[in-house]
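Fold and contact review
Residues per chain are reported as follows:
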Amino acid sequence: LWPLPITLSGILLSDHPHTSLQTLFQSPEEGWQLYTSAQAPDGKCICTAVIPAQSTCSRDGRSRELRQLMEKVQNVSQSMEVLELRTYRDLQYVRGMETLMRSLDARLRAADGSLSAKSFQELKDRMTELLPLSSVLEQYKTDTRTIVRLREEVRNLSGSLAAIQEEMGAYGYEDLQQRVMALEARLHACAQKLGCGKLTGVSNPITVRAMGSRFGSWMTDTMAPSADSRVWYMDGYYKGRRVLEFRTLGDFIKGQNFIQHLLPQPWAGTGHVVYNGSLFYNKYQSNVVVKYHFRSRSVLVQRSLPGAGYNNTFPYSWGGFSDMDFMVDESGLWAVYTTNQNAGNIVVSRLDPHTLEVMRSWDTGYPKRSAGEAFMICGVLYVTNSHLAGAKVYFAYFTNTSSYEYTDVPFHNQYSHISMLDYNPRERALYTWNNGHQVLYNVTLFHVISTSGDP
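Residues numbered from 1 in each chain as written. Predicted model: local features only at pLDDT ≥ 70, side-chain atom pairs only at ≥ 80, totals over all residues. Heavy atoms only, no water.

As recorded in an unreviewed UniProt entry, the protein goes by the name Olfactomedin 2, listed as coming from Saimiri boliviensis boliviensis.

Structure, rendered in structure tokens:
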């Protein structure tokens, strides 16, 4: 997509020439820093403040509100790019079907009795099979035009916000807020329509690397733009604090070009997820959810998940302090866990990624200790019946209808011990830690597009 004409952060200490100065205070949220620089002859401390390139000072507090709107628009922009990446393969497939239909139709028209009755019938039967794809193709073309219009609206809106920030005025804030909210709603509806479907298949495994112990997790940012291919790696399932951030997937495979983050609190389990620049994980020996921001290297928020079991009270069947599992799909951030009140059955909760508050919860009725692993796709929780060889996706819970069904979707558990299984909506792939191997699976979704005549 286009580069947004928005500056959301100020000058970082590492970018400033006086990197040897001692930092006294920094505010990643506000984008400015204060640190010592010298001592005056009278003994007083002379301090230097580095403020953002675009000052966040405001006479009436509108600056903070505008910045929040800018962040929302940027998130919409990133989500649109994810949507386009997700639907590219679908669109290519449908276009291929269009070419095939035209070819078959031309052969039928040119036959003029030259085909045998059997060949003619075969062509006719194939055309009959492909006929329903005509409405799907037309709907895809319409939705593609919708994405183009959404993209133009985001561009115009981000430009308006940048101009207002430049003037530091408060013109039309309520109108801008409504426009941002409307864009978010339309984008969510578009993502549900174009990018979602029911899981029908899992590909053969692709082993990316063999690294680390038997248990761990690895992931990419589900909300990052396509140019950002960083990989995060967390070895072990309890008391760990070291997170390695690799610059690209290629660097991860080679084990080079990485930096280290040392978390302020240790983690439990392997159900971590990176979402929009932050790591969400379960604090060791607690039911606390921690949101750690990579750029500022700080905890932005932490909150207890009410009633959630921890410390191997309700883990998956493989154990490993896997009581709490965080996931991201097309709908946002989820937590999968269980409580004493629901007799150890899996609870699915939508979380607000900013406050970590529970927005809504569902009791799936599936015992968590009987589950091998689980992942979310398009608001549906999929549960495997084992973490060992011969596992399959056995159970699906649909949050939109609060209903469930038993499924039979096999996948090849090549190394026979899965301790982390997570879906990445940007890439439509499953990330897996399998007995010390980092493995990828592509997924196939059965995609139903409703025409205008359908309910």
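The rest of the description comes next.
1. Some words on the pairing of strand E23 (residues 429-434)
For E23, the tally of buried residues reaches six of six residues, placing the bulk of the element in the interior. Every second residue of E23 is oriented toward a common face, with Ala429, Tyr431 and Trp433 on one face and Leu430, Thr432 and Asn434 on the other, all of them buried. Once strand E22 (residues 418-424) ends, the chain turns through four residues before running back antiparallel as E23, passing arginine 428 with a positive phi of about 50°. Hairpin connection from E23 to strand E24 (residues 437-446): two residues lie between these consecutive antiparallel strands, with asparagine 435 at a positive phi of about 55°. (Buried < 20%, exposed > 50% of the residue type's maximum accessible area, 1.4 Å probe, protein only. Helix = DSSP H or I, 4+ residues; strand = E, 2+ residues; numbered from the N terminus. Pairing = 2+ DSSP bridges.)

2. Some details on the sheet that holds strand E13 (residues 298-304)
Here we have four strands laid out as an open sheet, ordered E10-E11-E12-E13, and antiparallel in their pairing. Among the strands making up the open sheet, the edge pair consists of strand E10 (267-275) and E13. Sheet twist, expressed as the average angle between the axes of neighbouring strands with direction ignored, equals 20°. (Axes fitted to C-alpha atoms, helices over the stretch in contact; angles between N-to-C directions.)

3. Comments concerning the sheet that holds strand E8 (residues 242-246)
One open sheet holds the four strands; their spatial order is E6-E7-E8-E9, and the pairing between them is antiparallel. Strand pairing shows two members of the sheet lacking a second neighbour, strand E6 (216-219) and strand E9 (258-262), which therefore form its edges. In this sheet, neighbouring strand axes are inclined to one another by 20° on average, regardless of whether the strands run parallel or antiparallel. For E6 and strand E7 (residues 231-235), the ladder comprises four bridges, and the chain directions are antiparallel. Paired with methionine 219 across the two strands is tryptophan 232, which belongs to E7.

4. Some details on a nonpolar patch on the surface
Together, Tyr394, Tyr404 and Tyr406 line one region of the surface with nonpolar side chains, adding up to about 350 Å² of accessible area. If you trace the backbone, tyrosine 406 turns up in strand E21 (residues 403-410). Accessibility expressed as a relative area gives 53% for tyrosine 406, which makes it exposed. (Patch = residues over 30% accessible without salt bridge, like charges linked within 9 Å, V, L, I, M, F, W, Y side chains within 5 Å. Areas by Shrake-Rupley, 256 points an atom, 1.4 Å probe, with all protein chains shown as cover. Salt bridge = Lys/Arg side-chain N within 4 Å of Asp/Glu carboxyl O.)

5. Observations regarding the side chain of serine 296
Positionally, serine 296 belongs in the loop between strand E12 (288-293) and E13. On the basis of relative accessible area, serine 296 is assigned to the buried category, the value being 10%.

6. Let's talk about the nonpolar core
Membership of the largest hydrophobic core comes to 22 residues, with the highest contact counts inside it found for Leu199, Phe375, Ile377, Tyr382 and Leu430. Those elements giving two or more residues to this core turn out to be strand E4 (198-202), strand E18 (374-377), strand E19 (380-384), strand E20 (392-398), E22 and E24. In terms of residue count, the dominant contributor to this core is E24 (four residues). Those residues in contact with phenylalanine 375 that sit more than four places away from it in its chain are Leu199, Met327, Val380, Leu381, Tyr382, Val393, Leu421, Asp422, Tyr423 and Leu430. (Core = buried A, V, L, I, M, F, W, Y, C linked by side-chain atoms within 4.5 Å. Contact = heavy atoms within 4.5 Å.)

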